[in-house]
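Tertiary structure, described
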Amino acid sequence: MSKQKNDLVSRTIRLLNQQRELFGDFDVSSDKNEEALSSSPAKEIPPEKTDSAKSVDSVQEPKPAYSAQNKQPQLTESDLIAKCDSLEELRALCEATEVLKTDLPNTNLVFGIGNPDADLMIVGEAPGFNEDRQGEPFVGQAGKLLDKIMAAISFNRDQIYIANILKHRPPDNRDPKPEERKRSLPYLLRQIELVNPKLILCVGRISATTLLAKDASLKSMRQKFHEFHGRELMVTYHPAALLRNPQWKRPCWEDVQKLRSRYDELDGKP
Ligand code: URA
């Protein structure tokens, strides 16, 4: 190979290598191959300042969207959540992430269940023992009461969608910590977007104060429809609280009657 050709090949390979460093992998000969291409060892020749070389030189820092090691785009957690276009994708992301876990080891993901097109979504607090074992929200005693409350206003589980603020069980069924709620919230918000319900029913204070982002008593939040990201949200007692305080069943009944009327007004399916 003539010296001129040799120089050109070396310069081209060097340029391509520079670009690969910054923008990711593509098919280019390695340094070893570079030597093999040349009949004599390549000399260090300063690359010509072509337009592309200038722009590469002028980049001080690698673009933050790319990692220097694996050359893959580095998506943030919010990017990953936003990229989920279905509940299945979101579930897979929730399975893969550690951030949704509590300090109780070896828990199962309790993602959510029901009609993915539901116009009514119920949001509880966190999975308990039975929910953790079965990977499904509200399957224990409180869940049975929730089913009865829903049946009383002519809903069955197949018509609604049920999820919790936390997707993993906290130890000893303690209240979810503020930081756990904060870490879980973006996943739940995406889940709500994907289900796209007309109405949300928060059962219990933890659920309501987390979604409404305010500290208020349950009593002060019930019996009205709150605006929530372009939807309507209602608050009532948690079924576990009703099991301990049966005197709250009556006000809960009033809440869910109101919820059903609004659902019908909004032409909720079916
Ligand atoms: N309590 C909740 O808030 N959620 C469940 O899934 C079970 C009990």
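Our subject in this report is the structure included herewith. (Residues numbered from 1 in each chain as written. Predicted model: local features only at pLDDT ≥ 70, side-chain atom pairs only at ≥ 80, totals over all residues. Heavy atoms only, no water.)

1. Concerning the overall build of the protein
For the record, the criterion: Counting from the N terminus, the helices are DSSP H or I runs at least four residues long and the strands are E runs at least two residues long. Three labels apply to residues, based on accessible area from a 1.4 Å probe with only protein chains included: buried if under 20% of the type maximum, exposed if over 50%, partly exposed otherwise in between. Contacts are residue-level and defined by heavy atoms, with any inter-residue pair within 4.5 Å sufficient. All accessible areas in this document rest on Shrake-Rupley with a 1.4 Å probe, and a residue is counted as covered only by the protein chains that are shown.
When helices and strands are tallied, the protein shows 12 helices and six strands. When the 270 residues of the protein are sorted by exposure, 44% land in the buried category. Sequence-distant contacts, at least 24 apart, represent 71% of the contacts inside the protein between residues at least 6 apart. Accessible surface computed for the protein: about 15100 Å², of which carbon and sulfur atoms make up 50%.

2. Quick notes on the nonpolar core
The test is simple: Nonpolar core, defined: a set of buried Ala, Val, Leu, Ile, Met, Phe, Trp, Tyr and Cys residues in which side-chain atoms within 4.5 Å join the residues together.
In terms of nonpolar packing, the biggest core is built from 53 residues, with L120, M150, L201 and L211 touching the most fellow members. Here L211 is in contact with V123, I165, L185, L188, L189, I192, I200, C202, F228 and L233, once residues within four sequence places are set aside.

3. Comments concerning unusual backbone geometry
Backbone geometry places N106, a non-glycine residue, at a positive phi of 60 degrees. Within the secondary structure, N106 sits in the loop between α5 (87–96) and β1 (113–114). One non-glycine residue, H229, adopts positive backbone phi at about 45 degrees. Here H229 is to be found in the loop between β5 (226–228) and β6 (231–236).

4. Quick look at helix α7 (residues 141–152)
Test applied: Expected helix span is taken as 1.5 Å per residue step, with the number of steps being one fewer than the number of residues. Think of it as the arc spanned by the lines of direction from the helix axis to the C-beta atoms.
The first and last C-alpha atoms of α7 sit 17 Å apart over 12 residues, in line with the 16 Å expected at 1.5 Å per residue. What α7 keeps buried is the set A142, G143, L145, L146, I149 and M150. When α7 is viewed along its axis, its buried side chains cluster within an angular range of 160 degrees and face the same direction. In α7, the exposed positions that point more than 90 degrees away from the buried face belong to Q141 and K148. Residues of α7 that are buried in the fold lie against β2 (120–124), β3 (161–164), β4 (199–203), α11 (239–244) and α12 (249–265).

5. Notes on the packing of helix α8 (residues 178–195) against helix α9 (residues 205–212)
Stated formally: Between N-to-C directions, angles span 0 to 180 degrees; the directions come from axes that are lines fitted to C-alpha atoms, helices contributing only their stretch in contact. With respect to orientation, any angle under 35 degrees is reported as roughly parallel, any angle over 145 as roughly antiparallel, any angle of 65 to 115 as roughly perpendicular, and every other angle as oblique. When residues are sorted by character, Ala, Val, Leu, Ile, Met, Phe, Trp, Tyr, Cys and Pro go into the nonpolar class, Asp, Glu, Lys and Arg into the charged class, and all the rest, Gly among them, into the polar class.
Look at α8 against α9: their axes get within 11 Å of each other, and the N-to-C directions meet at 80 degrees. Classed by the angle they form, the pair α8 and α9 counts as roughly perpendicular. Contacts between α8 and α9 pair R181, L185, L188, L189 and I192 from the former with I206, T209, T210 and L211 from the latter. The residue makeup of the contact of α8 with α9, split by class, is six nonpolar, two polar and one charged.

6. So, the environment of E265
The following threshold applies: What qualifies as a polar contact is a pair of N or O atoms within 3.5 Å, subject to a donor-acceptor requirement within protein and to the restriction that residues adjacent in sequence count only when both atoms come from side chains.
With respect to the secondary-structure elements, E265 resides in helix α12. Residue class for E265 comes out exposed when judged on its relative accessible area of 57%. There is a polar contact of 2.5 Å between the side chain of E265 and the side chain of R262.

7. Focus: the layout of surface pockets
Keep this limit in mind: Lining residues are defined by having an atom within 4 Å of a point belonging to a cavity or pocket. Those points lie on a 1 Å grid over the protein atoms alone, cavities being sets where a 1.4 Å probe fits but cannot get out and pockets being open sets with protein on both sides within 12 Å along at least five of seven lines. Grid points are joined across faces, edges and corners, and a volume is the space filled by probe spheres set on the points.
Space inside the largest pocket adds up to approximately 710 Å³. Forming the boundary of the largest pocket are 29 residues, of which E125, H238, A240, A241 and R244 lie nearest the centre. Those elements that place two or more of their residues in the lining of the largest pocket are α6 (129–134), α7, α9, α10 (218–221) and α11. Sorting elements by how many residues they give to the lining of the largest pocket places α11 first, with four residues. Residues that form the lining of the largest pocket fall into these classes: 13 nonpolar, nine polar and seven charged.

8. Some points on the pattern of salt bridges
As a reminder, the rule being used: Throughout this description, the term salt bridge denotes a Lys or Arg side-chain nitrogen within 4 Å of a carboxyl oxygen of Asp or Glu.
Summed over the entire model, instances satisfying the criterion amount to 14 salt bridges. The salt bridge partner of E232 is R262, with a shortest N-O separation of 2.7 Å. Here E232, found in strand β6, pairs with R262, found in helix α12; they are 30 residues apart in sequence, far enough to count as distant. One network of salt bridges, in which partners are shared, links D85, R190 and E193.

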